[in-house]
Amino acid sequence: MPPRATSESRPEDGAILRLLGGFELRRGGRPTAVGSRKARALLAYLAMRRGQPVARDGLTALLWPDTAPAAGRQSLRQALLLLRRALGPGGIESRRGGDLVLPRDPRLEVDVERFEQATRPTAFGHDVASESGTALAARLYRGELLAGIELADAGPFEEWLATERSRLCDLADQALAHLDRAAERRGDLRAAAQLAERRLQLDDLSEGAARRLAALLARGGLRSRALVTLERLAERLAAELGTPPEPATLLLAERLRAGFGPAELAPAGPAVASLRHVPVLPLLEREEALSSLAGVFARVARGESAVALLEGAGGAGKTRLARTAIAELLPDAGAWILPTCGCAADRPSEESALARLLEAGRRAPELAELAPLTCALRVPPDNAASRPGGAGRGAPRVLLIDDLDALPPSREAALGRLAAGLAHLGPVALLATARRPARARMKSLVGRLAGTLGAGATWVPIAPLGARSIARIAESIVEEGASALARWLRRATTGLPLELTEALALLGDLEALTPRADGSWDIDAAALDAVRTRGLPELVEARVARLPPCARRLLGLAAVAGPCFPLETLARAEGELEPVLASAVETLVERWFLRPLEERWHEADASAPEPGRARVFQFAQRTTRRLLLARIPAARRREMAHRIAAATRGSRRPEPSPVR
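Residues numbered from 1 in each chain as written. Predicted model: local features only at pLDDT ≥ 70, side-chain atom pairs only at ≥ 80, totals over all residues. Heavy atoms only, no water.

Let's shift gears to the overall build of the protein. Along the backbone of the protein there are 26 helices and 16 strands. Taking all 660 residues of the protein together, 51% fall into the buried category. Sequence-distant contacts, at least 24 apart, represent 72% of the contacts inside the protein between residues at least 6 apart. Accessible surface, the protein: about 29,400 Å² in total, of which carbon and sulfur atoms supply 51%. (Helix = DSSP H or I, 4+ residues; strand = E, 2+ residues; numbered from the N terminus. Buried < 20%, exposed > 50% of the residue type's maximum accessible area, 1.4 Å probe, protein only. Contact = heavy atoms within 4.5 Å. Areas by Shrake-Rupley, 256 points an atom, 1.4 Å probe, with all protein chains shown as cover.)

Listed below in structure tokens is the structure:
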């Protein structure tokens, strides 16, 4: 047997181990052969866990699962002998108990290690070095992990390899997307298209990469090539998956064929390479509420109008439940989702989609001009039947008014006229969400609306989730540590879905909850005890505190600007270069504070400074915005509002106020 390696012994020569795009070991600048496939696989596995001891029995089960234990251990010894000859003394160490480890020796360079360092969140930071880090990652990624190495007789290793290949491919895609956006900001569409094409080569079934490439090609004048890109994607999807393209892909193809110009093909805002994700909570304890809404929609389907109020605390999931019900129970209806001004600090102004509808109802009770006067969100987002004005006269319609309790009393009569106007077009389901402190006023208003429509009113209470549902949520997120996560969630929240989402996002910010490439999650259960927050305000406060300074400033300014805002307006108000704020927006979208507006401003909307081109964002949760506004002193809020108003008018930025 070879002499036991010690921690003091080192490889004789500097070495480079390349695992991306194949397997290659070089010592002293010369290729070094490792003759056995299993030995190469063993070295790759230890290199991916560099510095971490691995039990011999685990390695035997990984690479020789169908071999007798004694024979498997002998095969492992033979593979180690080959690797020690290739690496030199000390390349692989044996620790106490027989565990094996590849030490973190600076004289052995591993390309996967450098690649992962370049793709860490700090490398995607918003400083000068960020692009160089992602450029290094793009150069290092020569192809998939251990390309050409397949071990049909080692099922566990093949499963591990498939997972790691997918994870590293995702990181490479994020690096290329980052470079793609940087090239676009520089105005180099050709370089951006080349990077998007490489992204598509990584995964030729990625519809997002194909749409990105097609849009860039079309904006560069290569419309025919853009269409060919989407057509070939559709052929691959049909041949390999037996599925049609996504609605967004079909819509882009239609726009290309219709001759849309570059402005209409430009992205609504900067794309985001999300390095942190927030788990999607399953819809639990909502069966009774969905049953009530099913009854409402059944009446509308029969040609009757109906009114329903979903009431519950802020963050109880009222809007999500209503959107889900509309999409699943009445998918063919023309549907509008309209926020009110969204916050008591807001004034009823042109920022509110509901305000525009009320004006439409006042000027034209038959709502003939309804479609061009709205900027409502669609549900489902890509269902043409749900576009405002998309359903014919007599077809069912759904109007969902979010945060009805924020509607000023002076607007209640206008809302009644709007409901009457909608009723003239056909049966309507008028849904509204409201928080419980305004229950008495909402009961009176909803009763009057029901009388206007000649319909009954349905009350749909939405309660916080119980301990059993929280346990199910924890189990749906992590396989190990679910009980610890459930205990922490019960301690940190009151069971409101928004609180649960913010709590999980905080764990992601702290890297106590990290995503795997296969869609599952890892939890650092030991880190949970150090996170002591309770309730939504404290959770949001803790998350805001971890933002970079520029992102914090932008978030406060955005809260004052309104439920949705164009990025260019904040750039003028803040006096920052737009690319700087665009980077801050990426951070805020990545961490689920903001999200791009699902609908562009309509071309007839005079409030959009550049119709079809404004990059408009909205708060991911309006309740979060209310909490942020509450943290800003009134004097400071007035000063910020003054700057935003001046920026909206296109005037020069006013001198800063001494109030801070």
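Turning our eyes to something else, we now look at the packing of helix α6 (residues 155-185) against helix α8 (residues 207-219). Interhelical geometry of α6 versus α8 gives an angle of 20° and a closest axis separation of 13 Å. Here α6 lies roughly parallel to α8, going by the angle between them. At the point where α6 passes α8, the crossing takes the left-handed sense. Contacts between α6 and α8 involve Asp 180, Arg 181 and Glu 184 from the former and Arg 212, Leu 216 and Arg 219 from the latter. For the contact of α6 with α8, the residue count by class is 1 nonpolar, no polar and 5 charged. (Axes fitted to C-alpha atoms, helices over the stretch in contact; angles between N-to-C directions. Parallel < 35°, antiparallel > 145°, perpendicular 65-115°, else oblique. Left-handed = near helix turned anticlockwise from the far one by under 90°. Nonpolar A, V, L, I, M, F, W, Y, C, P; charged D, E, K, R; others polar.)

Moving on, we get to unusual backbone geometry. Of note, the phi angle at Leu 146 is positive, near 50°, even though the residue is not glycine. With respect to the helices and strands, Leu 146 occurs in the loop between α5 (130-140) and α6. Since its relative accessible area comes to 0%, Leu 146 is described here as buried. Positive phi outside glycine occurs at Trp 592, with the angle close to 65°. For Trp 592, a relative accessible area of 28% translates into the label partly exposed.

One open sheet holds the 4 strands; their spatial order is β3-β2-β1-β6, and the pairing between them is mixed. Of all strands in the sheet, those bounded by a partner on one side alone are β3 (30-31) and β6 (108-110). With 4 bridges connecting them, strand β1 (residues 15-18) and strand β2 (residues 24-27) associate as antiparallel partners. Note on β2: the bridge partner recorded for Ile 16 is Arg 26. Helix α4 (residues 111-118) rests against β1 and β6 of the sheet, and its axis sits at about 60° to β6. (Pairing = 2+ DSSP bridges.)

Further remarks concern the pattern of salt bridges. As enumerated under the stated definition, the model contains 27 salt bridges in all. A salt bridge links Glu 24 to Arg 26; the nearest nitrogen and oxygen atoms lie 2.9 Å apart. With relative accessibility at 24%, the residue Arg 26 sits in the partly exposed group. Counted as one network, the salt bridges with shared partners bring together Asp 180, Glu 184, Arg 212 and Arg 219. (Salt bridge = Lys/Arg side-chain N within 4 Å of Asp/Glu carboxyl O.)

Quick look at the environment of Asp 170 now. Its location among the elements puts Asp 170 in helix α6. With relative accessibility at 37%, the residue Asp 170 sits in the partly exposed group. Sequence spacing of Asp 170 and Asp 203 is 33 residues, and the spatial spacing of their C-alpha atoms is 9.4 Å.

Here the protein averages 75 in pLDDT, and 76% of its residues register 70 or above. Per-element confidence in the protein is highest for helix α1 (residues 37-48), whose mean pLDDT is 93, and lowest for helix α14 (residues 353-363), whose mean pLDDT is 50. Contacts from residues 122-129, a stretch scored under 50 in pLDDT, to residues over four places away or in other chains number 14 contacts. A low-confidence stretch, residues 341-353 stays under pLDDT 50, and its non-local contacts, those more than four residues away or across chains, total 32 contacts. (pLDDT = per-residue confidence, 0-100.)

Moving on, we get to the sheet that holds strand β14 (residues 564-566). Read from one edge of the open sheet, 3 strands run β14-β16-β15, paired in antiparallel fashion. The open sheet has two free edges, formed respectively by β14 and β15 (594-596), since each of these has just one partner strand. For this sheet the average axis-to-axis angle between neighbouring strands, irrespective of direction, equals 30°. In the sheet, β15 pairs with strand β16 (residues 616-619) via 3 bridges, with the strands oriented antiparallel. Bridge pairing in β16 links Leu 594 to Phe 619.

The next point concerns the nonpolar core. Within the largest apolar cluster, 51 residues are counted, with the highest numbers of intra-cluster contacts made by Leu 19 and Phe 157. Put simply, the parts of the chain that give this core at least two residues each are β1, α1, α2 (56-63), α3 (69-87), β6, α4, α5 and α6. Core analysis: the next-biggest nonpolar cluster, separate from the first, contains 35 residues, Ala 559, Ala 573, Leu 629 and Ile 644 among them. (Core = buried A, V, L, I, M, F, W, Y, C linked by side-chain atoms within 4.5 Å.)

Summed over the entire model, instances satisfying the criterion amount to 3 aromatic pairs. Three or more aromatic residues joined by ring pairs form one cluster here, namely Tyr 45, Phe 157 and Trp 160. Over the ring of Trp 459 we find Lys 443, and its NZ or CZ is 5.6 Å from the ring centre. (Phe/Tyr/Trp six-rings, centres within 6.5 Å; stacked < 30°, edge-to-face > 60°. Lys NZ or Arg CZ within 6 Å of the ring centre and 35° of its normal.)

Sheet faces and side chains relate simply in a regular strand, where the side chains alternate between the two faces. Where burial is concerned, the two faces of β16 agree: the one with Val 616 and Gln 618 and the one with Phe 617 and Phe 619 are both buried. Note that β14 and β16 share 3 bridges and pair antiparallel. From the neighbouring strand, Phe 565 faces β16, where its bridge partner is Phe 617.

Take helix α17 (residues 467-477) next. An α-helical turn contains 3.6 residues, so a residue and the one three or four places further along point in the same direction. Restricting attention to buried positions, one finds in α17 the residues Ser 469, Ile 470, Ile 473, Ala 474 and Ile 477. Down the axis of α17, the sector holding all buried residues measures 145°, keeping them to one side. Projecting away from the buried face of α17 at angles above 90 degrees are the exposed residues Arg 468 and Glu 475. Where the residues of α17 are buried, they touch α18 (482-492), α19 (497-509), β12 (513-515) and β13 (521-523). (Arc of directions from axis to C-beta.)

Note that Gly 21 resides in the loop between β1 and β2. For Gly 21, a relative accessible area of 36% puts it in the partly exposed group. Along the backbone, Gly 21 and Ala 147 are 126 residues apart, and their C-alpha atoms lie at a distance of 5.1 Å. When residues no more than four places from it in sequence are discounted, the contact partners of Gly 21 are Arg 142, Gly 143, Glu 144 and Ala 147.

Let's shift gears to helix α26 (residues 634-648). Given a rise of 1.5 Å per residue, 15 residues ought to cover 21 Å, and the 21 Å separating the end C-alpha atoms of α26 matches this to within 8%. Considered for burial, the residues of α26 that qualify are Glu 639, Met 640, Arg 643, Ile 644, Ala 646 and Ala 647. Across the axial projection of α26, the buried residues extend over an arc of 160°, all falling on one side. Exposed side of α26, more than 90 degrees from the buried face: Arg 638 and Thr 648 are the residues found there. Here the buried face of α26 lies against α22 (549-561) and α23 (567-574). (Expected span 1.5 Å × (residues − 1).)

A word on the environment of Ala 542. By the element assignment, Ala 542 lies in helix α21 (residues 535-545). On the accessibility criterion, Ala 542 (22% relative accessible area) is partly exposed. Remark: the alpha-carbon pair of Ala 542 and Asp 509, spanning 33 residues in sequence, is separated by 9.7 Å. Once residues lying within four places of it in the same chain are set aside, the contact partners of Ala 542 are Leu 506 and Thr 533.

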